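Chain by chain, the residues:
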Amino acid sequence: MNKFSHLIKSCNHYILASALGLSLLGIFCLVSVTRNKETFLSREVLIQSVALILGLLAAYAILILGYRYFMNLEKILYISSILLLLTVYIPGLGAAFYGSRSWIDLGFVTFQPSEIVKITFVILMAAYLSRSGASLSTVKGILMAALYGLPFILIVSKEDFGSGCVFCAIWIFMVFCSGLDLKVIGRIALVFILLLPMFYFFLAGYQKERIDAFLHPDNLDLPGNYQVWNSKVAIGSGGLYGKGYMQGTQSALGFLPVPESDFIFAAAVEELGFIGGIAILFLFGLFLFHSLKVTKYAKDLQGTLIGAGLVGMYFFQAFENIAMTMGLMPVTGITLPFLSYGGSSMISAIMGVGFLLSVSCRQKI
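Now for a quick tour of the structure. Every value quoted in this text rests on a predicted model; they were computed, and no experiment measured them. (Residues numbered from 1 in each chain as written. Predicted model: local features only at pLDDT ≥ 70, side-chain atom pairs only at ≥ 80, totals over all residues. Heavy atoms only, no water.)

### Things to note about the overall build of the chain
Stage number 1. Scanning the chain from terminus to terminus reveals 14 helices and three strands.
Stage number 2. A burial count over the chain gives 50% of its 365 residues as buried.
Stage number 3. Relative to all contacts within the chain whose residues are 6 or more apart in sequence, the contacts with residues 24 or more apart total 73%.
Stage number 4. Surface summary for the chain: the accessible area is close to 17400 Å², and the carbon and sulfur share equals 71%. (Helix = DSSP H or I, 4+ residues; strand = E, 2+ residues; numbered from the N terminus. Buried < 20%, exposed > 50% of the residue type's maximum accessible area, 1.4 Å probe, protein only. Contact = heavy atoms within 4.5 Å. Areas by Shrake-Rupley, 256 points an atom, 1.4 Å probe, with all protein chains shown as cover.)

Shown next as structure tokens:
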């Protein structure tokens, strides 16, 4: 306990405070959007609250053990993470929701393996990149790093393109912060931009429909556009101060799709208004700023890479989710960290905070 007290005193308190603030605000919003006449606290609220507690326990263990402890488990984590992702294909265990088979049905609750593997992916890439050293300054080194993470990206993207994009964002942020030559970055970026249109032909049917809908926002017959239109109505109708807590109509009347998860930001702004939306953005900004600060002053390259990967994960998810609700990005089903409903998502997000705190309390003065 004395060790934990010392660690918690020396860690970055802004990261912990902003993460807890967003998590509690998310539960606060869930109470409203999932309310019914029979019970005040819905099943979603209870699951989210339990997930927050489990996440905090996991973060406690991570803080005590330290991020370096997990670096020594690279082989075990690599194999177990791949196997965990493949469990969704086991008959009777894997389950499909919203067009993607990326859940495990445990009967009393569903579990999304890719959420937990996001964290192990950050650890694995940090271990690999810190070991690769100067080879990353060459195209061959970058290709080897891509091959190292490719199994995870391919397995996840096959069933959940949105989560696959998150894994790609993590990889890009980590490789960029590993000391990569800017000339190499420019060449890779040019090749990626040239090949980007070709990726469309490898997407699944429902994924192509979402891209088409994004490119033709005025066509409400295309899948996703009607939901985004209602999301923008909810955000706009909130005005400056909002309609009031539990007074939202778009979610209550069923116009706003999955208000507890994908469109939680729209539901929150409808009730809390522009000021509430700015408060959410401020908390995310505070969290990301201090996460970047921890990344910059990490004691070693491993700590820097872990921080970079987690910043990439949180930033991309928050940006994509919030922009999606306003029609600025395609609908992908990516959750908003800390706020969106999902036990797996909440545990994963809080575990990431545990690693950031572990890096911060061991950083250079």
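Alright, that's what it looks like, and here's the rest.
### Notes on the environment of Gly342
Stage number 1. With respect to the helices, strands and loops of the structure, Gly342 is situated in the loop between α13 (301-325) and α14 (343-360).
Stage number 2. Judged by its relative accessible area of 16%, Gly342 is buried.
Stage number 3. Through-space distance from the C-alpha of Gly342 to that of Ala51 is 8.2 Å; in sequence the pair is 291 residues apart.

### Topic: the packing of aromatic side chains
Aromatic rings in a pair are described by how distant their centres are and how their planes are angled relative to each other.
Stage number 1. Inspection of the entire model under this criterion finds 13 aromatic pairs.
Stage number 2. Measuring from ring centre to ring centre gives 5.1 Å for Phe121 and Phe167, while their planes differ by 50°; the resulting arrangement is tilted. On the criterion of sequence distance, the pair formed by Phe121 in helix α6 (residues 113-132) and Phe167 in helix α8 (residues 161-176) is long-range, its members being 46 residues apart. With respect to class, Phe121 is no different from Phe167; both count as buried.
Stage number 3. Taken together, a centroid distance of 4.9 Å and an interplanar angle of 90° make the contact between Phe287 and Tyr314 edge-to-face. (Phe/Tyr/Trp six-rings, centres within 6.5 Å; stacked < 30°, edge-to-face > 60°.)

### Let's talk about the side chain of Thr304
Stage number 1. Positionally, Thr304 belongs in helix α13.
Stage number 2. For Thr304, the residues in contact, after removing those within four places along its chain, are Cys177, Thr295 and Ala298.

### Some thoughts on the environment of Ile188
Stage number 1. Among the secondary structure elements, Ile188 is positioned in helix α9 (residues 182-199).
Stage number 2. Sequence separation between Ile188 and Val139 is 49 residues, and the spatial gap between their C-alpha atoms is 8.4 Å.

### Notes on unusual backbone geometry
Stage number 1. Positive phi is not limited to glycine here, since Val258 has a value of about 30°.
Stage number 2. Position of Val258 among the secondary structure elements: in the loop between α11 (225-237) and α12 (264-296).
Stage number 3. We classify Val258 as partly exposed; its relative accessible area is 21%.
Stage number 4. Phi at Phe338 takes a positive value of approximately 75°, unusual for a residue other than glycine.
Stage number 5. Tracing the chain through its elements places Phe338 in the loop between α13 and α14.

### Here we look at empty space enclosed by the protein
Stage number 1. Within the structure shown, the criterion is met by two cavities of 30 Å³ or more.
Stage number 2. Empty space within the largest cavity amounts to approximately 80 Å³.
Stage number 3. Every residue lining the largest cavity is listed: Leu85, Val88, Tyr89, Arg101, Ser102, Pro113, Ser114, Ile155, Val156, Glu159 and Asp160.
Stage number 4. For the lining of the largest cavity, the secondary structure elements donating two or more residues are β2 (100-105), α6 and α7 (139-159).
Stage number 5. Among the elements that make up the lining of the largest cavity, the one with the highest residue count is α7 (three residues). (1 Å grid on protein atoms, 1.4 Å probe; cavity = no way out; pocket = protein on both sides within 12 Å on 5 of 7 lines; lining within 4 Å. Points joined across faces, edges and corners; volume = space filled by probe spheres on them.)

### As for the packing of α6 against α14
Stage number 1. α14 packs onto α6 with a crossing angle of 25° between their chain directions and a minimal axis gap of 7 Å. Regarding the angle of α6 to α14, the classification is roughly parallel. On the side of α6, the interface is formed by Glu115, Ile116, Lys118, Ile119 and Ile123, while α14 contributes Ser344, Ser345, Ile347, Ser348, Met351, Gly352 and Phe355.
Stage number 2. Split into classes, the residues belonging to the contact of α6 with α14 amount to six nonpolar, four polar and two charged. (Axes fitted to C-alpha atoms, helices over the stretch in contact; angles between N-to-C directions. Parallel < 35°, antiparallel > 145°, perpendicular 65-115°, else oblique. Nonpolar A, V, L, I, M, F, W, Y, C, P; charged D, E, K, R; others polar.)

### A word on the side chain of Gln250
Stage number 1. In this fold, Gln250 is placed in the loop between α11 and α12.
Stage number 2. Setting aside chain neighbours within four positions, we find Gln250 in contact with Asn230, Val233, Ala234, Phe255, Leu256 and Glu270.

### So, a nonpolar patch on the surface
Stage number 1. A surface patch of nonpolar side chains, amounting to about 620 Å² of accessible area, comprises Leu240, Tyr241, Phe274, Ile275, Ile278 and Leu281.
Stage number 2. Among the structural elements, Tyr241 can be located in the loop between α11 and α12. (Patch = residues over 30% accessible without salt bridge, like charges linked within 9 Å, V, L, I, M, F, W, Y side chains within 5 Å. Salt bridge = Lys/Arg side-chain N within 4 Å of Asp/Glu carboxyl O.)

### Points about α12
The periodicity of an α-helix, 3.6 residues per turn, causes residues three or four places apart in sequence to face the same way.
Stage number 1. Relative to the 48 Å expected for 33 residues at 1.5 Å per residue, α12 spans just 32 Å between its end C-alpha atoms, considerably shorter than the ideal helical length.
Stage number 2. For α12, the principal kink sits at Gly273 and spans about 130°. (Expected span 1.5 Å × (residues − 1). Bend = angle between axes of the 7 residues up to and from the residue.)

### Some words on the pattern of salt bridges
Stage number 1. All told, the structure shown has four salt bridges when counted by the stated rule.
Stage number 2. Residue Asp300 is joined to Arg68 by a salt bridge in which the shortest nitrogen-to-oxygen separation is 3.0 Å. Of the two residues, Asp300 is situated in the loop between α12 and α13 and Arg68 in helix α4 (residues 67-71); the sequence distance between them amounts to 232 residues.
Stage number 3. Across the salt bridge formed by Lys243 and Glu270, the nearest N and O atoms sit 2.9 Å from each other. Of the two residues, Lys243 is situated in the loop between α11 and α12 and Glu270 in helix α12; the sequence distance between them amounts to 27 residues.

### Section: the packing of α6 against α13
Stage number 1. The N-to-C vectors of α6 and α13 enclose an angle of 140°; their axes lie 9 Å apart at closest approach. For the element pair α6 / α13, the angle class is oblique. Helix-helix and strand crossings are classified by hand; for α6 and α13 the assignment is right-handed. Between α6, through Lys118, Ile119, Val122, Ile123, Ala126, Leu129 and Ser130, and α13, the contact on the second element is made entirely by Leu301, Gln302, Leu305, Ile306, Gly309, Leu310, Met313 and Gln317. (Left-handed = near helix turned anticlockwise from the far one by under 90°.)

Everything listed here is a matter of coordinates, which is why it stays silent on function.
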